[in-house]
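Here is how the chains run, residue by residue.
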Amino acid sequence: MSGNTVTRPHSAFCAPSRAARELDLKRVEFDLAVHLGRIRTVPDEGGGGRRVARAEIERLRSDPGFPEALRTSVLALGTSEAAAVMGVPPARFTRLARLGLVVPVRFYLNRYRVVVWLYLADEIKQFATDGTNAFLLTGRTPEVLRSRLAAGVDLRPRNWRGRHLGFLHRQADGPWQRAGALAGFLDPLQVAEIVKDPYERSHLNRFRPGPPAHCTPGTPAAHLVQKIMTADDPDEIDWLGYDLERTLEEARAEQPAPRPFPKPVPTPAAAPLGPPDEPDRPTRGLLNRLRRRTG
């Protein structure tokens, strides 16, 4: 090799797609690992989203169980698979999930626009092996739980929102970002009641999280995802609103929302000075005749 060959050093940071390849993860696995805190990311100083430090990639690759251990830690199961791991029928597993006893880690919409909830395999195994849960896996469901199911309880969306909010808070770089995350789970009208200043609302909207599922805006699928994103229980709405007010106070103290400078009021211009007005034509004619007579 020629002595003057120059080799470019690796960048200190990687884009998510590059990091996923180097960690032998599918992109959906990588994103879930970030959400769960398995992979640490840092904000891009250029404003291009999150990036992964090469030192973080090397740390993960040096694990003796890499890549299987990392991949297993983010394994997400649908209802049928999770029920099989737990050793119960899918219908019973769904009841446990509706009651909030197992918490979904993410969701997607299938081609029929049906919500498919996914659960961490590790958490399902822990639930199944915990002896205190044995009465939930066999026999008749306790009456107090059956009455809640009969009333239509379904805590899957709410529990997912709580989990996703925790992820967004971990990624936030300041109080405005945390406030935006909270506002993302409230209806815009509810946010307007809390944040009455239009400039603050506009600034806050910059940090509202996007939907977790990619849907064309305005489509039925997008409306369904937005419904899952939006709190609908009064007590959930109350605590989100309380946290939003408290976090906004921190944000205002740290850095007030930008607002336009007031425009100066223009000063009326003075009338320009010029020669005295000339007499009109009839007046000039009279003056000329008087000059001739006196001349």
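Along each chain, the written sequence defines residue order, and numbers are assigned to residues from 1. Where totals are concerned, whole chains, interfaces and linings use all residues; where local detail is concerned, this predicted model gives features only for residues with pLDDT of at least 70, and gives and counts side-chain atom pairs only at 80 or more. As a rule here, side-chain values come from all non-hydrogen atoms in the structure, and water together with hydrogens is ignored.

*Asks:* In this structure, what is going on with the nonpolar core? I would like to understand it.
*Replies:* Judged by nonpolar contacts, the single largest core of 66 residues is most densely connected at Leu23, Phe30, Ile39, Met86, Phe93, Leu204 and Leu244. In this description a helix means any DSSP run of H or I spanning at least four residues, a strand means any run of E spanning at least two, and both kinds are numbered starting from the N terminus. Among the elements that make up this core, the one with the highest residue count is helix 11 (residues 175-183) (five residues). Contacts of phenylalanine 30, omitting those with residues within four sequence positions, involve Pro16, Ala19, Ala20, Leu23, Leu25, Ile39 and Val52. Working definition of a nonpolar core: buried Ala, Val, Leu, Ile, Met, Phe, Trp, Tyr and Cys residues. They are joined through side-chain atoms within 4.5 Å. The classification of residues rests on relative accessible area computed with a 1.4 Å probe and restricted to protein chains. Under 20% of the type maximum is buried, over 50% is exposed, and intermediate values are partly exposed. In what follows, a contact means two residues having at least one pair of non-hydrogen atoms within 4.5 Å.

*Asks:* Explain the packing of helix 5 (residues 79-86) against helix 6 (residues 90-98) to me, please; I cannot follow it from the model alone.
*Replies:* How two helices sit against one another is set out by the angle between their axes and by the gap between those axes. To define axes, lines are fitted to C-alpha atoms, for helices over the stretch in contact only, and angles between the resulting N-to-C directions are given on a 0 to 180 degree scale. Helix 6 packs onto helix 5 with a crossing angle of 100° between their chain directions and a minimal axis gap of 9 Å. It follows from the interaxial angle that helix 5 and helix 6 lie roughly perpendicular. For the pair formed by helix 5 and helix 6, the contact residues are Thr79, Ser80, Ala82, Ala83 and Met86 on the first element and Pro90, Phe93, Thr94 and Leu96 on the second. For the contact of helix 5 with helix 6, the residue count by class is six nonpolar, three polar and no charged. Orientation is classified from the angle alone, with under 35 degrees giving roughly parallel, over 145 giving roughly antiparallel, 65 to 115 giving roughly perpendicular, and any other angle giving oblique. Residues are grouped as follows: Ala, Val, Leu, Ile, Met, Phe, Trp, Tyr, Cys and Pro are nonpolar; Asp, Glu, Lys and Arg are charged; all remaining types, including Gly, are polar.

*Asks:* Please explain the pattern of salt bridges as it appears in this structure.
*Replies:* Should the charged atoms of two oppositely charged side chains come close, the side chains can pair. A side-chain nitrogen of Lys or Arg and a carboxyl oxygen of Asp or Glu constitute a salt bridge if their distance falls within 4 Å. Using the criterion set out here, one finds 18 salt bridges in the structure. Across the salt bridge formed by glutamate 56 and arginine 40, the nearest N and O atoms sit 2.9 Å from each other. Here arginine 40 lies in the loop between helix 2 (27-35) and strand 2 (42-43) and glutamate 56 lies in helix 3 (residues 54-61), a separation of 16 residues in the sequence. Relative accessible area serves as the criterion here: at 5%, glutamate 56 is assigned to the buried category. A salt bridge links aspartate 197 to arginine 259; the shortest N-O distance between them is 2.9 Å. Of the two residues, aspartate 197 is situated in the loop between helix 12 (188-194) and helix 13 (198-205) and arginine 259 in the loop between helix 15 (234-254) and helix 16 (281-294); the sequence distance between them amounts to 62 residues. Taking the relative accessible area as the measure of exposure, aspartate 197 reaches 23% and is therefore partly exposed. Each member of the salt-bridge network shares a partner with another, and the members are Arg178, Asp243, Arg246 and Glu250.

*Asks:* I'm lost on the confidence of the model for the protein in this one. Help?
*Replies:* When pLDDT drops low, the exact placement of atoms in the prediction is not to be read closely. The pLDDT score gives, residue by residue, the confidence of the prediction method on a 0 to 100 scale. Residue-level pLDDT values for the protein average 88, and 86% of them are 70 or greater. Of all the helices and strands in the protein, helix 16 carries the lowest mean pLDDT, 61, while strand 4 (residues 76-77) carries the highest, 98. This model gives residues 1-9 a pLDDT under 50, and the stretch forms zero contacts once residues within four places in sequence are excluded.

*Asks:* Would you mind going over the layout of surface pockets with me for this structure?
*Replies:* If a probe as big as a water molecule is rolled over the atoms, it shows which places are left empty. Cavities and pockets were defined on a 1 Å grid built over protein atoms only: a cavity is a set of grid points that admits a 1.4 Å probe from which the probe cannot escape, a pocket is an open set flanked by protein on both sides within 12 Å along at least five of seven lines, and lining residues are those with an atom within 4 Å of any such point. Grid points are joined across faces, edges and corners, and a volume is the space filled by probe spheres set on the points. When its volume is computed, the largest pocket comes out at roughly 1,400 Å³. In terms of lining residues, the largest pocket is bounded by 44 residues, among which His35, His164, Phe167, Leu168 and Gly210 are the most central. Of all the secondary-structure elements, those providing two or more residues to the lining of the largest pocket are helix 2, strand 5 (106-109), helix 10 (156-171) and helix 11. Sorting elements by how many residues they give to the lining of the largest pocket places helix 10 first, with eight residues. Across the lining of the largest pocket, the residue classes break down as 23 nonpolar, eleven polar and ten charged. One number sums up the size of the second largest pocket: a volume of about 280 Å³. Around the second largest pocket, the lining comprises 13 residues; the ones closest to its centre are Asp154, Pro157, Arg158, Arg161 and Asp232. Sorting the residues of the lining of the second largest pocket by element identifies strand 6 (115-120), helix 10 and helix 14 (220-229) as the ones contributing at least two each.

*Asks:* What is the right way to read the packing of helix 5 against helix 7 (residues 121-129) from this model?
*Replies:* Direction vectors running N to C along helix 5 and helix 7 enclose 35°, while the axes themselves pass 9 Å from each other. Seen along the crossing, helix 5 lies across helix 7 with a hand that is right-handed. From helix 5, Ala82, Val85 and Met86 reach across to helix 7, where they touch Ile124, Lys125, Phe127 and Ala128. For the contact of helix 5 with helix 7, the per-class residue count stands at six nonpolar, no polar and one charged. Two helices cross in a left-handed way if the nearer one is turned anticlockwise from the farther one by less than a right angle. They cross in a right-handed way if the turn is clockwise.

*Asks:* Help me understand the pairing of strand 3 (residues 50-53) in this model?
*Replies:* Residues in a regular strand point their side chains to alternate faces of the sheet. Pairing between strands is defined by DSSP: at least two bridges between them are needed. The sheet contact formed by strand 1 (residues 13-14) and strand 3 spans two bridges and is antiparallel. Along strand 3, the bridge assignment pairs phenylalanine 13 with alanine 53. Taken together, the two bridges between strand 2 and strand 3 define a ladder with antiparallel strand orientation. If you follow valine 42 over to strand 3, its bridge partner there is arginine 51.

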